[in-house]
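Analysis of the macromolecular model
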Amino acid sequence: VQLQACGGGLVQAGGSLRLSCAASGRTFSGYSMAWFRQAPRKEREFVAAISRSGSATIYPDSVKGRFTISRDNAKDTVYLQMNSLQPEDTAVYYCAASKQSIVATQLKAYEYDYWGQGTQVTVSS
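Now for a description of the structure that goes with this document. Values in this document were obtained by computation on a predicted structure and should not be read as measured data. By convention here, each chain's residues receive numbers from 1 onward along its written sequence. The predicted origin of the model limits local features to residues at a pLDDT of at least 70 and limits the giving and counting of side-chain atom pairs to 80 or more, whereas totals for whole chains, interfaces and linings rest on all residues. Just so you know, side-chain values use all the structure's heavy atoms and leave hydrogens and water out.

Overview of the overall build of the chain
Along the chain, the regular secondary structure elements total 1 helix and 11 strands. Listing every helix and strand of the chain by position from the N terminus yields β-β-β-β-β-β-β-β-β-α-β-β. The C-alpha atoms of the chain give 13 Å as radius of gyration, which agrees with the globular expectation for 125 residues (14 Å, within 12%). Expressed along its principal axes, the backbone C-alpha trace of the chain runs to roughly 40 × 25 × 25 Å. Each residue gets one of three labels from its accessible area relative to the maximum for its type: buried under 20%, exposed over 50%, partly exposed in between, using a 1.4 Å probe on protein chains only. Taking all 125 residues of the chain together, the buried fraction comes to 43%. Across the chain, the fraction of contacts at a sequence separation of at least 24, relative to all contacts at a separation of at least 6, is 58%. All accessible-area figures derive from a Shrake-Rupley calculation using a 1.4 Å probe, and residue coverage is judged against the displayed protein chains alone. For the chain, the exposed area adds up to about 6200 Å²; of that, 47% sits on carbon and sulfur atoms. As used throughout, the charge tally considers Lys and Arg to be positive and Asp and Glu to be negative, leaving His and the chain termini uncounted. Charge positions come from single atoms, namely NZ of Lys, CZ of Arg, CG of Asp or CD of Glu. The positive charge centre, built from 13 side chains, and the negative charge centre, built from 9, are 2 Å apart in the chain. Secondary structure elements follow DSSP: runs of H or I no shorter than four residues count as helices, runs of E no shorter than two count as strands, and numbering proceeds from the N terminus. Only C-alpha atoms enter the radius of gyration, while the globule expectation follows 2.2 Å times N to the 0.38, with N the number of residues. The criterion used for residue contact is that any of the two residues' heavy atoms lie within 4.5 Å.

And the structure:
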């Protein structure tokens with residue numbers, strides 16, 4: 001499956017952005033989806049995951065209550081709504097797809113089979 005992420009940009013602290021990731025090539029609903037991010041000189045970090053049906057989501061404490069992942073299987077698209085953005089959220093954000101369930105992936109980047117190209121999010125203080 002091919003993934004194309006977009007929606008990044010420059011925003012002030014406290015602002016919001018909505019990222020989108022469009023999939024093509026395979027049956028989108030057969031994949032659990034996730035967002036990861038990577039800041040300069042840091043490891044890739046898990047941000048959010050959603051099950052194939054969209055009924056289950058998982059977030060780390062760092063974004064819980066501020067970020068919301070959702071998907072529209074009819075449009076083959078996954079979204080990441082980011083509110084109350086802070087400078088520490090600055091990173092390149094990647095969408096990823098896995099043939100495994102989100103539980104089976106254990107939210108590890110290496111368990112995801114396909115990756116988008118990344119979109120830059122910069123939050124100014």
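More follows now that the structure is in view.
With respect to the sheet that holds strand β7 (residues 67–72)
Sheets are built from strands that pair by backbone hydrogen bonding, the pairs being arranged parallel or antiparallel. DSSP-based pairing: two strands are paired if at least 2 bridges between them are found. With antiparallel pairing, 4 strands are arranged side by side in an open sheet as β1-β3-β8-β7. The open sheet has two edge strands, β1 (2–6) and β7, and neither has a second partner. Here the average twist between neighbouring strands, direction ignored, is 15°. Think of each axis as a best-fit line through the C-alpha atoms, taken over the contacting stretch in the case of a helix, with angles from 0 to 180 degrees between the N-to-C directions.

Brief notes about the pattern of salt bridges
Whenever Lys or Arg places a side-chain nitrogen within 4 Å of a carboxyl oxygen from Asp or Glu, that contact is recorded as a salt bridge. Under the counting rule described, the total for this entry stands at 4 salt bridges. With a closest N to O distance of 2.8 Å, R66 and D89 form a salt bridge. Remark: D89 occurs in the loop between β8 (77–82) and β9 (91–98) and R66 occurs in the loop between β6 (57–58) and β7; sequence separation between them is 23 residues. Each member of the pair, R66 together with D89, is buried. A cluster of three or more residues bridged by salt bridges with shared partners is formed by R37, E45, R66 and D89.

Side note on the packing of aromatic side chains
Aromatic rings from Phe, Tyr and Trp, with only the six-membered ring used for Trp, were paired whenever their centres fell within 6.5 Å, and each pair was classed as stacked if the ring planes differed by under 30 degrees, edge-to-face if by over 60, and tilted otherwise. Across all of its chains, the model carries 6 aromatic pairs by this definition. Ring geometry for Y31 against Y114: centres 5.9 Å apart, planes inclined by 80°, an arrangement best described as edge-to-face. Pair noted here: Y31 is in the loop between β3 (17–24) and β4 (32–38) and Y114 is in strand β10 (residues 114–115), with a separation of 83 residues, a long-range link. Judged by its relative accessible area of 22%, Y114 is partly exposed. Between F36 and W115, the ring centres sit 5.1 Å apart and the planes meet at 50°, which makes this aromatic pair tilted. Pair noted here: F36 is in strand β4 and W115 is in strand β10, with a separation of 79 residues, a long-range link. Assessed through its relative accessible area of 1%, F36 is described here as buried. A residue is classified by how much of its surface remains accessible, and W115, at 28% relative accessible area, is partly exposed. Positioned above the aromatic ring of Y79 is the side chain of R18, whose terminal nitrogen or guanidinium carbon lies 4.0 Å from the ring centre. Look at NZ for Lys and CZ for Arg. If either is within 6 Å of the ring centre and within 35 degrees of the ring normal, a charge sits over the ring. Taking NZ or CZ as reference, R71 lies 4.4 Å from the ring centre of F28, over its face.

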